[in-house]
Amino acid sequence: MESEKLFKEACQYIPGGVNSPVRAFRNVDMTPIFVERGKGCRVYDHDNNEYIDYIGSWGPLILGHASDILIEDIDKEIVMGTSFGLPTKKEIELAKIMVDAYPGMDMVRMVNSGTEATMSAIRVARGYTKRDKIIKFEGNYHGHSDCLLVQAGSGALTFQTPTSPGVPDDLIRNTLVCQYNDLESVKTMIQNNKDEIACIILEPVACNMGLVEATREFIQGLRDICNENQIVLIFDEVITGFRLSYQGAAGYYGVTPDLACFGKIIGGGLPVGAYGGKKELMSIVSPSGPVYQAGTLSGNPLAMTMGIRQLSYLRDHPEVYDHINNYALKLKQDIEKIIEENDYPCHVQCCGSLLTLFFKKEYISHYKDVQGCDLKAFTRYYQAMVKKGFIFAPSQFEGIFISYAHNENDLKLTLTAIKEALKECYEY
Ligand SMILES: *Cc1c(COP(=O)(O)O)cnc(C)c1O
């Protein structure tokens, strides 16, 4: 197996052999699959094994791998130059598409990752309110910047390190953690820190503790609380933006945040991130205001090109959302049938084109509920699925990502495999 050979070699030069911990397949007792190429919903390893892929680069590839919509004539763009450190027209074009799409957003700043987006949005909120404390939710992941690396979901859940060494206590002292879907926990926290809280940041649909949807009351409740207390409400839409709907989770819930963070989808597979919101807030960002934030490769022309192609396609083809949402719904309903027929102790949670099969019977609405999942069963299931030629995030605490390239036949193949894998998983 070429992947195993490559992994061994990678481990000599790269910590743990990977450039992001969740890629290591450690907690499913496997070594990672090294991908050589991808097309549509399929990826191929160096032994030419084919897999139907539900990772989709962890969200960005909503149109599938190497989609013609994104890559056609891309060489013509490359020969124009790959980075200038000077402004380009493309930055305006992508910003305009995003501002036109996203509710209540007047301005947007491009960065290079979701981590940068959330980190910078929080700086703006703190600069604007002149307050230091922030509220986040247990099990929500907002990238790996110091002050957000507290109770941070999947990566941390998978490796049982809720906070990380190297993050000084002083830096997280101002990070207050509340319970997801629990408005009372937020109200109490705000009462105990009156006029000290700059912002509340959350994943409006949590995708990093497995898929957990916020209730409408929770989201609307947060909006009201923020209004009453002059707190900046930040939606981390790094996964949900342009996926849950073209208007993101804001459109899905009909609730407008003050700031929103983007990443993943808006770069069509190239490294990118962005944060934006009301003019009043965004105009305090340097150089129009005093809050400093910068980036050598920010607004990179190739990333902008991919972003423009992907987002304009999504804007002009709303049927993409119907396709991926219907696919997810059918997958959910048919997995539920299998579970019911066999009385398996697991259940499915699904929102839009995001879905998690939890190895636990009871519905999960916040982080504490996640704990009781049968991780050994998940591992057996995962290994069985890979053997059958299907890959998705090697963690119980993630969702699967459906793309426009997954078709009806892929759905059938997937359901057959899931049926067999669950049987092997529970009747081993
Ligand atoms: C992936 C993710 C991030 C971090 O984005 P990176 O590009 O990996 O830095 C932040 N928030 C959410 C909700 C994410 O899923």
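As the structure is a prediction and not an experimental result, all values here were calculated from the model. Residue positions are counted from 1 within each chain, in the order its sequence is given. Given that this is a predicted model, residues contribute local features only at a pLDDT of at least 70 and side-chain atom pairs are listed and counted only at 80 or more, while totals for whole chains, interfaces and linings are drawn from all residues. Excluding hydrogens and water, the side-chain values take into account all heavy atoms of the structure.

Undergrad: What is the right way to read the overall build of the protein chain from this model?
TA: The helix and strand inventory of the protein chain stands at 16 helices and 16 strands. Computation of the radius of gyration draws on C-alpha atoms alone. For the globule rule, the value is 2.2 Å times the number of residues to the power 0.38. Over its C-alpha trace the protein chain gives a radius of gyration of 21 Å, about what one expects of a compact globule, namely 22 Å for 428 residues. Across its three principal directions, the C-alpha atoms of the protein chain cover 60 × 55 × 45 Å. Here, two residues are considered to be in contact whenever any of their heavy atoms come within 4.5 Å of each other. Sequence separation of 24 or more characterises 71% of the internal contacts of the protein chain that already satisfy a separation of 6 or more. Areas reported as accessible are Shrake-Rupley estimates using a 1.4 Å probe. Residue values count occlusion only from the protein chains shown. Put simply, the protein chain shows about 18,700 Å² of open surface, and 52% of that area lies on carbon and sulfur atoms. Looking at the protein chain, you have 42 positive and 54 negative side-chain charges, and the mean spots of the two groups are 2 Å apart. In this description a helix means any DSSP run of H or I spanning at least four residues, a strand means any run of E spanning at least two, and both kinds are numbered starting from the N terminus. In this tally Asp and Glu are treated as negative and Lys and Arg as positive; neither His nor the chain ends contributes. A charged residue contributes its charge at one atom only: NZ of Lys, CZ of Arg, CG of Asp or CD of Glu.

Undergrad: It is not clear to me how the packing of aromatic side chains should be interpreted in this structure. Could you clarify?
TA: Geometrically, a pair of aromatic rings is defined through the distance of the ring centres and the angle of the planes. Geometry of aromatic contacts follows a simple scheme: Phe, Tyr and Trp rings, the Trp one being its six-membered ring, pair when their centres are within 6.5 Å, and the pair is stacked under 30 degrees between planes, edge-to-face over 60, tilted otherwise. Under the defined criterion, the tally for this structure stands at 17 aromatic pairs. With a centroid separation of 5.9 Å and an interplanar angle of 70 degrees, the aromatic rings of F25 and Y382 are classed as edge-to-face. Here F25, found in the loop between α1 (2-13) and β1 (35-39), pairs with Y382, found in helix α15 (residues 375-387); they are 357 residues apart in sequence, far enough to count as distant. The two residues F25 and Y382 agree in class, both being buried. Taken together, a centroid distance of 5.4 Å and an interplanar angle of 75 degrees make the contact between F137 and F218 edge-to-face. A residue pair is termed long-range when its members are at least 10 positions apart, and F137 in strand β5 (residues 133-137) and F218 in helix α9 (residues 216-229) qualify at 81 residues. F218 shares its class with F137; the two are buried. Site record: aromatic cluster; members linked through ring pairs are F25, Y344, F359, F378, Y381, Y382, F392 and Y426. Here the guanidinium or amino end of R37 rests over the ring plane of Y44, the centre of that ring lying 4.2 Å away. Any residue under 20% of the maximum accessible area for its type is buried, any over 50% is exposed, and the rest in between are partly exposed; the area is computed with a 1.4 Å probe on protein chains only. When the NZ atom of lysine or the CZ atom of arginine is within 6 Å of a ring's centre and also within 35 degrees of its normal, the charge is said to sit over that ring.

Undergrad: What is the right way to look at the site of the ligand in this model?
TA: One heavy atom within 4 Å of a molecule or strand is enough for the residue carrying it to be called near that molecule or strand. For the ligand, the full set of nearby residues is S113, G114, T115, Y141, H142, G143, E203, N208, D236, V238, I239 and K264. The backbone of G114 places a nitrogen or oxygen atom 2.9 Å from an oxygen atom of the ligand. The term polar contact refers here to a pair of N or O atoms within 3.5 Å; inside protein, the definition further demands a hydrogen-donor-capable atom paired with an acceptor-capable atom, and it admits residues adjacent in sequence only when both atoms are side-chain atoms. The contact in question runs from an oxygen atom of the ligand to an N or O atom on the side chain of N208, over 3.3 Å. Here the ligand has 380 Å² of accessible area as a free molecule, and 83% of this is covered by the chains.

Undergrad: I would appreciate a short explanation of the sheet that holds strand β15 (residues 390-391) in the present structure.
TA: To summarise the sheet geometry, strands pair through backbone hydrogen bonds and adopt either a parallel or an antiparallel arrangement. One open sheet accounts for four strands, arranged β1-β2-β3-β15; its pairing is mixed. Two strands in the sheet have a free side with no partner beyond their single neighbour: β1 and β15. If DSSP finds at least two bridges between two strands, the strands pair. When strand β3 (residues 50-53) meets β15, the two strands line up parallel, connected through two bridges. By the bridge assignment for β15, I52 is matched with F390.

Undergrad: Which parts of the structure should I look at to understand the pairing of β3?
TA: Each regular strand shows side chains that alternate between the opposite faces of the sheet. Bridge count between strand β2 (residues 42-45) and β3: three bridges; the pairing is antiparallel. Among the inter-strand pairings, V43 is bridged to a residue of β3, identified as Y51. Where β2 hands over to β3, the hairpin turn is made up of four residues, of which N48 adopts a positive phi near 65 degrees.

Undergrad: Explanation requested: the environment of E36 in the structure shown.
TA: In this structure, E36 sits in strand β1. Sequence spacing of E36 and H46 is ten residues, and the spatial spacing of their C-alpha atoms is 5.5 Å. If near-sequence neighbours (up to four positions away) are discounted, E36 is found in contact with Y44, D45 and H46.

Undergrad: When you look at the sheet that holds strand β13 (residues 347-351) in this model, what are you seeing that I'm missing?
TA: Spatial ordering of the open sheet is given by β13-β14-β16, a layout of three strands whose pairing is antiparallel. With partners counted over all chains shown, the strands left at the sheet margins are β13 and β16 (400-401), one partner each. Both β13 and strand β14 (residues 354-358) contribute to a ladder of five bridges, which runs antiparallel. Considered in β14, the bridge of C350 is made with L355. In this fold helix α13 (residues 319-342) packs onto β13, β14 and β16, with an angle of close to 170 degrees to the strand it touches most, β13. Structural elements are reduced to axes, namely lines fitted to C-alpha atoms, with helices fitted over the stretch in contact, and the angle between N-to-C directions of any two is expressed from 0 to 180 degrees.

Undergrad: I tried to follow α13 on my own but got confused; where do I start?
TA: Within an α-helix, residues lying three or four positions from one another point in the same direction, as the helix has 3.6 residues per turn. Here the expected length of a helix is defined as 1.5 Å per residue gap, with one fewer gap than residues. Over its 24 residues, α13 extends 35 Å from the first C-alpha to the last, a length consistent with the 34 Å expected when each residue adds 1.5 Å. A positive phi of about 55 degrees marks D343, the residue just after α13.

Undergrad: Where do I start with the pattern of salt bridges in this structure?
TA: What makes a salt bridge here is a side-chain nitrogen of Lys or Arg within 4 Å of a carboxyl oxygen of Asp or Glu, nothing more. Applying the stated rule across the entire model yields 21 salt bridges. The partner of E77 in a salt bridge is K90, and the shortest N-O contact between them spans 2.9 Å. Of this pair, E77 sits in helix α3 (residues 74-78) while K90 is found in helix α4 (residues 89-101), placing the two residues 13 residues apart along the sequence. Between D170 and R173 there is a salt bridge whose closest N-O contact spans 3.2 Å. Three or more residues joined by partner-sharing salt bridges are found here, namely R42, E50 and D410.

Undergrad: How should I be thinking about unusual backbone geometry in this particular structure?
TA: A negative phi angle is the norm for most residues apart from glycine, just as the trans form is the norm for most peptide bonds. A cis amide bond, omega 10 degrees, links S286 with the succeeding residue P287. In this fold, P287 is placed in the loop between α11 (279-282) and α12 (301-316). With a phi close to 60 degrees, D73 is a non-glycine residue in the positive phi region. The backbone of N181 shows a phi angle near 65 degrees, a positive value even though the residue is not glycine. Following the sequence through the fold, N181 ends up in the loop between β6 (175-178) and α8 (183-192).

Undergrad: Explanation requested: α9 in the structure shown.
TA: An ideal rise of 1.5 Å per residue puts 20 Å on 14 residues; α9 measures up with 20 Å between its terminal C-alpha atoms. For α9, every residue scored as buried is listed here: F218, I219, G221, L222, R223, I225, C226 and N229. Following α9 by one or two positions, Q230 has its phi on the positive side, about 50 degrees.

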